[in-house]
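Chain and residue survey
Now for the letters of each chain:
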Amino acid sequence: MAYASRIINHSRKLKHVSTLLRREHAVAVRGFSNSTQPSLTGREDIFKARLNYSPVERISKCSASNVPMSSGISTMSTKLSSRMTGPTIFKEYISSQMLSGRGFSSSSDLPPHQEIGMPSLSPTMTEGNIARWLKKEGDKVAPGEVLCEVETDKATVEMECMEEGYLAKIVKEEGAKEIQVGEVIAITVEEEEDIQKFKDYTPSSNAGPAAPEAKPAPSPPKEEKVEKVEKPASAPEAKSSKPSSVSSGDRIFASPLARKLAEDNSVPLSSIEGTGPEGRIVKADVEEFLASRGKETTAKPSKGTDSKVPALDYVDIPHSQIRKITASRLAFSKQTIPHYYLTVDTCVDKMMSLRSQLNSFQEASGGKRISVNDLVIKAAALALRKVPQCNSSWTDEYIRQFSNVNINVAVQTENGLYVPVVKDADKKGLSTIGEEVRFLAQKAKENSLKPEDYEGGTFTVSNLGGPFGIKQFCAVINPPQAAILAIGSAEKRVVPGSGPDQFNFSSYMSVTLSCDHRVIDGAIGAEWLKAFKGYIETPESMLL
């Protein structure tokens, strides 16, 4: 009798087996929603636990489980096959950098949808800006079509759609700045009639970043009780300095970044009105307060100052993404890399003569002229092949010495400093190097470089001599590289002749090698400069 009862019970559960298996498969592939997202380790354990069930047990668990089915996470960058096993699916999931959430609503007002997040389009990217949308709300989208252009920390990159559907909602409009990686920027749906249902939709994931900061909120009452017991005399003073609009009890709620910014500028939090969740003070509130205080100071000079002295007139220029990353990387370089500098003067008479001859051939054949910078890049690449210790990078465990010689070339644009890369420069001819440098420089000026155009460099060349006439300078190393070469201008000098009273004129160019002393010892850096000088002063050897 008990056996028959169990069969009847399982028969009821298997009545909708296809639906349950389809939902169970969707959960296994897409993971959990952003709002109930566990840690990666925890999620992997959940996957392992779920995949150990037999089919009937998994159906039973699913039917009795309290796991919400409102939304989930699916990868955009790869198509997942239904044949994949659980561990394979999880591996593909955690390796993906472009994520989107797919919703499964229990309400008729919220049909299945996909939340498209800000992707990580470069290794150093933590936030991005929306340059422009190429699709508008209501448009049909297909895999491979460009949705929008994203301004990353290094360039403007096209973001492609990975699934077919309709663009129902643009969450982040054109010009939106400082969007964190993973933050929702758009909503897509599968059916065209579902578009209108997302007209006023606000994704819950937008509030996600603030949630971890708000977790400590329940703890202040306990801290207050301790303070009142241990230091009852100081409690009235603490109360008098706290506002009621942004506080709970005696504590002001503010994000750590806002507290640090206020502390650095000696601004009491009690004088700032918070606009974050539940009156929380965020970074933007402090910045707005500082800006308004600056305007008041300019408009109303203090009593101790001479009113006849005119106020300073200034314009605040917002940081671009490339400016932010340049500042961050160069500050990191100077603070963590032990720089030292080696300078040598090279005679460029023979190199200039060879350049003239080569340009005559180029003009006769309709080719582009070869620049001094092209010859410098070629000489640097060959010197790196001869002294490979300088073609290296430092890590905490080892020094990585590269086989490829990829030369980054510093290019200054209106948007900032870019360093596109000429790959395998030691194996390329002068005309090829010149064509690539011109092409990449133009893309940099148009702000259209792609990650493959600037990633993978092993050495950098910066030339301020030819374009600007700078005689000599010391460049900052571009991490994780170990060296950078600074090229100065060429100038004529008087040099001794063959006789005691004879003299000649020659052109000399100053070059300075900045080295990471952790990777390149002084003698190795000097050896590299010797090899470089040899190629510059005997340029025919570069053609062999």
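Shown above is the structure to which this text applies.
First, a word on scope: everything that follows refers to the structure included in this document. Predicted model, so just to flag it, every value in this text is computed and none were measured. (Residues numbered from 1 in each chain as written. Predicted model: local features only at pLDDT ≥ 70, side-chain atom pairs only at ≥ 80, totals over all residues. Heavy atoms only, no water.)

**Some points on the pairing of strand β3 (residues 113-117)**
Here is the rule: Residue exposure (1.4 Å probe, protein chains only): buried if accessible area is under 20% of the type maximum, exposed if over 50%, otherwise partly exposed. Here a helix means four or more residues in a row that DSSP labels H or I, a strand means two or more in a row labelled E, and each is numbered from the N terminus.
Burial within β3 is extensive, with 5 of its 5 residues counted as buried. Taking every second residue as pointing to the same face, both faces of β3 are buried, with His113, Glu115 and Gly117 on one and Gln114 and Ile116 on the other.

**Examining the side chain of Gln362**
Our working rule: Residue contacts are counted whenever heavy atoms from the two residues lie within 4.5 Å of one another.
With respect to the helices and strands, Gln362 occurs in helix α12 (residues 349-364). Gln362 gets classed as buried once you look at its relative accessible area, which sits at 17%. In this view, Gln362 contacts Gly367, Lys368, Ile370 and Ser431; residues no more than four positions away in its chain are not counted.

**So, the pattern of salt bridges**
What counts here: Salt bridge criterion: a side-chain nitrogen from Lys or Arg within 4 Å of a carboxyl oxygen from Asp or Glu.
Enumeration according to the criterion identifies 18 salt bridges in this entry. Linking Lys140 and Glu164 is a salt bridge whose minimum nitrogen-to-oxygen distance equals 3.8 Å. Taken together, the positions of Lys140 in strand β5 (residues 140-141) and Glu164 in the loop between β7 (156-160) and β8 (165-170) put the pair 24 residues apart, joining distant regions of the chain. Each member of the salt-bridge network shares a partner with another, and the members are Asp345, Lys471, Glu491 and Arg493.

**Digging into the sheet that holds strand β16 (residues 407-409)**
In plain terms, the rule: Pairing between two strands is assigned when DSSP locates at least 2 bridges connecting them. Inter-axis angles, ranging from 0 to 180 degrees, are taken between N-to-C directions of lines fitted to C-alpha atoms, where helices are fitted over the stretch in contact.
Taken in spatial order, the 6 strands make up an open sheet running β13-β22-β21-β20-β16-β19, and their pairing is mixed. The open sheet is flanked by β13 (339-347) and β19 (421-422), the only strands paired with a single partner. Two strands pair when backbone bridges link them, and strand β21 (residues 483-496) and strand β22 (residues 503-516) are joined in this way by 12 bridges, in the antiparallel orientation. Counted as the bridge partner of Ala490 is Met509 from β22. Here helix α13 (residues 372-386) sits on the sheet and contacts β16, β20 (459-463), β21 and β22; the angle it forms with β20, its principal contact strand, is near 150°.

**Focus on the sheet that holds strand β6 (residues 146-151)**
Spatially, 4 strands are ordered β7-β6-β4-β9 in an open sheet, and the strand pairing comes out antiparallel. Strands with a single pairing partner mark the edges of an open sheet, and in this sheet they are β7 and β9 (179-180). In the sheet, β6 pairs with β7 via 5 bridges, with the strands oriented antiparallel. By the bridge assignment for β7, Val146 is matched with Glu160.

From the geometry alone we can't say anything about function, so treat these as descriptive.
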